[in-house]
Amino acid sequence: MKQIVSNIYLALSGGAALLLVALAVAGGWIHYSPIPFWDMWGSTVEFILKIKEGFYSLWWAQHNEHRIVLSRLLFYIDYKLFNSSYVFLIVANYCFVAISCWIYISLIRRMQQKQGQQQKLFNALEFFIIGVLFLWMQNENLTWGFQSQMFAANILPLLSFFLMAKYIDNQSAKEFWLSFLVAILSSLTMANGVMVFFVLSMFVWQFRISRLKNMLLLLMSILVPFIYFLDYKAIKHHGSLLDTIVHDPLGMIHYSILYIGNPFFFLFAGDALAKNISFYSGILFIIVALIVLFVNLLRKEKNPYQFALLAFIVYIAGTVFGTAGGRLSLGLEQAFSSRYTTASLMAWVALLILLHEEKWFRGVAVRRATALLALGVYLFLIKHQLTALEKNNASTTARETAALALVLEARDTQYIPSLFPRVDRVRQISEHARQQGLAMFGSYPYAGLHREMGQPFTPPLATPCIGFLDEIHSIGAAEPFVRVVGWIFEPQKRVVPRLLRLVDEKNSTVGFALTGVERADVAQLVDAQAGFSGFRGYLFTSALGSTLRAYGDRPQCVLALQQPVVAPLVPGNQPTL
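Residues numbered from 1 in each chain as written. Predicted model: local features only at pLDDT ≥ 70, side-chain atom pairs only at ≥ 80, totals over all residues. Heavy atoms only, no water.

**Section: helix H7 (residues 148-170)**
Taking 1.5 Å of rise per residue, the 23 residues of H7 would be expected to cover 33 Å, and the 32 Å separating its terminal C-alpha atoms lies within 8% of that figure. By the criterion of burial, H7 is predominantly enclosed, with 21 of the 23 residues buried. One or two residues past the end of H7 sits glutamine 171, with phi positive at roughly 55 degrees. (Helix = DSSP H or I, 4+ residues; strand = E, 2+ residues; numbered from the N terminus. Expected span 1.5 Å × (residues − 1). Buried < 20%, exposed > 50% of the residue type's maximum accessible area, 1.4 Å probe, protein only.)

**Structural notes on the packing of aromatic side chains**
If you walk through the whole model with that rule in mind, you get 34 aromatic pairs. Centre to centre, the rings of tyrosine 228 and phenylalanine 229 are 5.0 Å apart; their planes meet at 70 degrees, and the pair counts as edge-to-face. By relative accessible area, phenylalanine 229 is classed as partly exposed at 38%. Joined through ring pairs, the aromatic side chains of Phe37, Trp38, Phe75, Trp144 and Phe146 make up one cluster. The ring of tyrosine 340 carries arginine 339 above its face, with NZ or CZ at 5.1 Å from the centroid. One residue, arginine 399, lies across the ring of phenylalanine 37, its end atom 3.7 Å from the ring centre. (Phe/Tyr/Trp six-rings, centres within 6.5 Å; stacked < 30°, edge-to-face > 60°. Lys NZ or Arg CZ within 6 Å of the ring centre and 35° of its normal.)

**Notes on empty space enclosed by the protein**
Enumeration over the complete set of coordinates arrives at two cavities of 30 Å³ or more. Its boundaries defined by the atoms lining it, the largest cavity holds a volume of some 50 Å³. What lines the largest cavity is Val97, Ser100, Leu133, Gln138, Phe151, Thr342, Leu345 and Met346. Of all the secondary-structure elements, those providing two or more residues to the lining of the largest cavity are helix H4 (87-114) and helix H16 (341-356). The greatest single-element share of the lining of the largest cavity, amounting to three residues, is contributed by H16. When grouped by side-chain class, the residues that make up the lining of the largest cavity number five nonpolar, three polar and no charged. Computed from the structure, the second largest cavity encloses a volume of approximately 30 Å³. In terms of lining, the second largest cavity is formed by Thr397, Glu400, Thr401, Leu514, Thr515, Val517 and Arg536. Among the secondary structure elements, those contributing two or more residues to the lining of the second largest cavity are helix H18 (393-408) and strand S5 (509-517). Looking at the lining of the second largest cavity, its residues break down into two nonpolar, three polar and two charged. (1 Å grid on protein atoms, 1.4 Å probe; cavity = no way out; pocket = protein on both sides within 12 Å on 5 of 7 lines; lining within 4 Å. Points joined across faces, edges and corners; volume = space filled by probe spheres on them. Nonpolar A, V, L, I, M, F, W, Y, C, P; charged D, E, K, R; others polar.)

**Observations regarding the pattern of salt bridges**
It is possible for side chains bearing opposite charge to pair when their charged atoms get close. One pass over the structure, following the stated rule, counts 14 salt bridges. In this structure, the salt-bridge partner of glutamate 140 is arginine 339, at a minimum N-O distance of 3.8 Å. Here glutamate 140 is found in helix H6 (residues 139-143), whereas its partner arginine 339 is found in the loop between helix H15 (304-327) and H16, with 199 residues between them in sequence. Residue glutamate 140 is classed as partly exposed on the basis of its relative accessible area of 30%. Among the charged side chains, a salt-bridge network with shared partners connects Asp470, Arg519 and Asp521. (Salt bridge = Lys/Arg side-chain N within 4 Å of Asp/Glu carboxyl O.)

**Focus on a nonpolar patch on the surface**
Among the surface-exposed residues, Trp60, Leu219, Leu223, Phe226, Ile227 and Leu230 lie close enough to one another that they form a single nonpolar patch of about 560 Å² accessible area. Counting through the fold element by element, isoleucine 227 comes out in helix H10 (residues 211-228). (Patch = residues over 30% accessible without salt bridge, like charges linked within 9 Å, V, L, I, M, F, W, Y side chains within 5 Å. Areas by Shrake-Rupley, 256 points an atom, 1.4 Å probe, with all protein chains shown as cover.)

**Focus: the nonpolar core**
Proteins that are soluble and globular tend to have nonpolar side chains buried together. Judged by nonpolar contacts, the single largest core of 150 residues is most densely connected at Trp41, Tyr104, Phe161 and Phe203. With 15 residues, the single largest contributor to this core is H7. With residues up to four places along the chain from it excluded, the contact list for tryptophan 41 reads Pro36, Glu46, Leu406, Leu419, Phe420, Val426, Ile429, Ser430, Met440 and Phe441. Grouped together as the second largest cluster of nonpolar side chains are 18 residues, Cys465, Leu469, Leu500 and Leu502 included. (Core = buried A, V, L, I, M, F, W, Y, C linked by side-chain atoms within 4.5 Å. Contact = heavy atoms within 4.5 Å.)

**A closer look at the state of the cysteines**
A complete count under the given rule lists one disulfide for this structure. Here cysteine 465 pairs with cysteine 557 through a disulfide, and the sulfurs are 1.7 Å apart. Measuring handedness by torsion sign, the sulfur bridge of cysteine 465 and cysteine 557 sits at about -80 degrees and is left-handed. You can see cysteine 465 sitting in the loop between strand S1 (463-464) and strand S2 (466-474) and its partner cysteine 557 sitting in strand S8 (residues 557-561), a full 92 residues away along the chain. (Disulfide = S-S within 2.5 Å.)

**Here's the deal with the side chain of arginine 72**
Tracing the backbone shows arginine 72 in helix H3 (residues 69-82). A distance of 3.0 Å separates a polar side-chain atom of arginine 72 from the backbone oxygen of leucine 58. Among all residues touching arginine 72, those that are not within four sequence positions of it are Phe47, Leu58, Trp59, Trp60, Ala61, Gln62 and His63. (Polar contact = N/O pair within 3.5 Å; in protein donor to acceptor, adjacent residues only side chain to side chain.)

**Quick notes on helix H8 (residues 173-186)**
Taking 1.5 Å per residue as the helical rise, H8 with its 14 residues ought to reach 20 Å, and the 20 Å between its terminal C-alpha atoms agrees with that figure. Taken together, the buried positions of H8 are Glu175, Phe176, Ser179, Phe180, Val182, Ala183 and Ser186. In a view along the axis of H8, the buried residues occupy a sector of 170 degrees, so they form one face of it. Its buried side turned inward, H8 meets H7, helix H9 (196-204) and H10. (Arc of directions from axis to C-beta.)

**A look at the confidence of the model for the protein chain**
Averaged over the protein chain, the pLDDT score is 87; the fraction of residues at 70 or greater is 92%. Across residues 571-577, confidence stays below pLDDT 50; counting only partners more than four residues off in sequence or on other chains, it has 13 contacts. (pLDDT = per-residue confidence, 0-100.)

**Considerations on the pairing of S5**
Buried residues dominate S5, accounting for nine of its nine residues. The sheet contact formed by strand S4 (residues 499-503) and S5 spans five bridges and is antiparallel. Across the sheet, leucine 500 pairs through a bridge with alanine 513, a residue of S5. Joining the antiparallel neighbours S4 and S5 is a turn of five residues, in which asparagine 507 adopts a positive phi near 60 degrees. Pairing analysis gives six bridges linking S5 to strand S6 (residues 534-540), with the strands arranged antiparallel. What sits directly across from glycine 511, in S6, is leucine 539. (Pairing = 2+ DSSP bridges.)

**Examining the packing of H8 against H10**
Where H8 meets H10, the axes come as close as 12 Å, and the angle between the chain directions of the two elements is 5 degrees. Here H8 lies roughly parallel to H10, going by the angle between them. Between H8 and H10, the residues in contact are Phe176, Trp177, Phe180 and Ile184 and Lys213, Leu216, Leu217 and Met220, respectively. A per-class count over the contact of H8 with H10 returns seven nonpolar, no polar and one charged. (Axes fitted to C-alpha atoms, helices over the stretch in contact; angles between N-to-C directions. Parallel < 35°, antiparallel > 145°, perpendicular 65-115°, else oblique.)

**So, unusual backbone geometry**
A cis geometry characterises the amide bond from tyrosine 444 onward to proline 445, with omega recorded as 5 degrees. Considering the arrangement of structural elements, one finds proline 445 in the loop between helix H19 (423-435) and helix H20 (449-452). If you check the backbone angles, glutamine 171 has positive phi at about 55 degrees while not being a glycine. Mapped onto the secondary structure, glutamine 171 falls in the loop between H7 and H8. Residue glutamine 171 is classed as partly exposed on the basis of its relative accessible area of 47%. You will see that asparagine 507, though not glycine, has its phi angle at about 60 degrees, which is positive. Relative to the assigned elements, asparagine 507 resides in the loop between S4 and S5.

Given below as structure tokens:
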């Protein structure tokens, strides 16, 4: 009977973990976009363009405080093999998470081996860890192709500590040098990676290893930061670690606690209560981690795999401390950024494993209570994970409008900042990327549109669409474009065309628009399938007053447009994201 109950519980745990992973993958699919966003313009698009021109020093150049060499290697692979579509980068992010699952499970099994415990194919703890590491609360890192360094900067140090633990356990020189190599690679992820050799040297100090190897680790803990910070330039708009320690140490502590408790902020919907729960969760983590560290330091027989996890927690603590020093000036709320959740989740998982392997946890009553609690937690996590299926339509269509503006060279200062804050800067980068068909400029629906403007168009045989050109907005008195807004729907097939080509009475292409804008009014009055029939795009100013037709693509259809009066430009009016 006990075995049956155990098998049922294991099946429930495995099913719940699989559901969490599946929802995370579905979220990545739903939220994928080929449009570069924010830092990607400088660090992926411009980086590739400059490297092609021979500026190889950019491999080592700073990105904020970091030297993201390994991420730039991934950016380059994505360019060479996939024309910077960013699909490879998103897949890489999910692969990083899978690697972290493998490392944690390997650590668990090594600890079980040393304790003489019988191993199963998978146990409930391992399923739970897999589910937690794929939580959608870190969606900024999962769905943003730029964020590989946020995974690598945590996973490579963990791997280095694990390999060092294997070396201590097996005395195999191969593991030592692999750990050494991974520690070097860690310094090529983000600035916090330079701490790995220092943490490794503290780690091995608890065990008997070659004095020469110990001295080598100590030497590297000095040499790596020295090389890293050669020609280093402080970031003006970020805080200074030393200044923050001197002038606001309590603020640093507060920020660090919130950072550690970050996952609970997302689990509890990000309200005022969630902030308090995050704060007290962070305090709990620190207290429990210190107790576990103290207990392990006092033990005569030390388990290297437990110390690998402790070393990782110390590394995360250093990461949190350094982040607090540089980001506290941006406000405490910044500690709740989704991109910081990955480090916090990995720290919590490390602490959970350490607690699970303690002798007091092996009692039947404790295990049963924990099993029931875990099932309840699963329900809570699944409820949160379902948000992966939700898409922010306003944000998505605003970015698509901005992308279309860049493709057509329309200087729309209301929408372009949704992709990058400096309009002229991003237009300069996009001009070169457009010429080479790089990133979104080489994919549907954006590829080649700028070359078709003003060119003759041969109208295809197309079914009639229904729709309306609702508004025409000025984007600037001297601009050659105006922004058009309306809706379109193909009633026979009951679908919305993706791309609209605007054509004048001479059959010249005078503009383009993209659909996808939510129109609840059209869905209510016309057809339930027309909920996202709204379009937004750009039209030559010279075409104002002429007879216009819109030709839909996928499926092909045609709509005669009646032009409304042009609305004036409203300075400072930003799109709703």
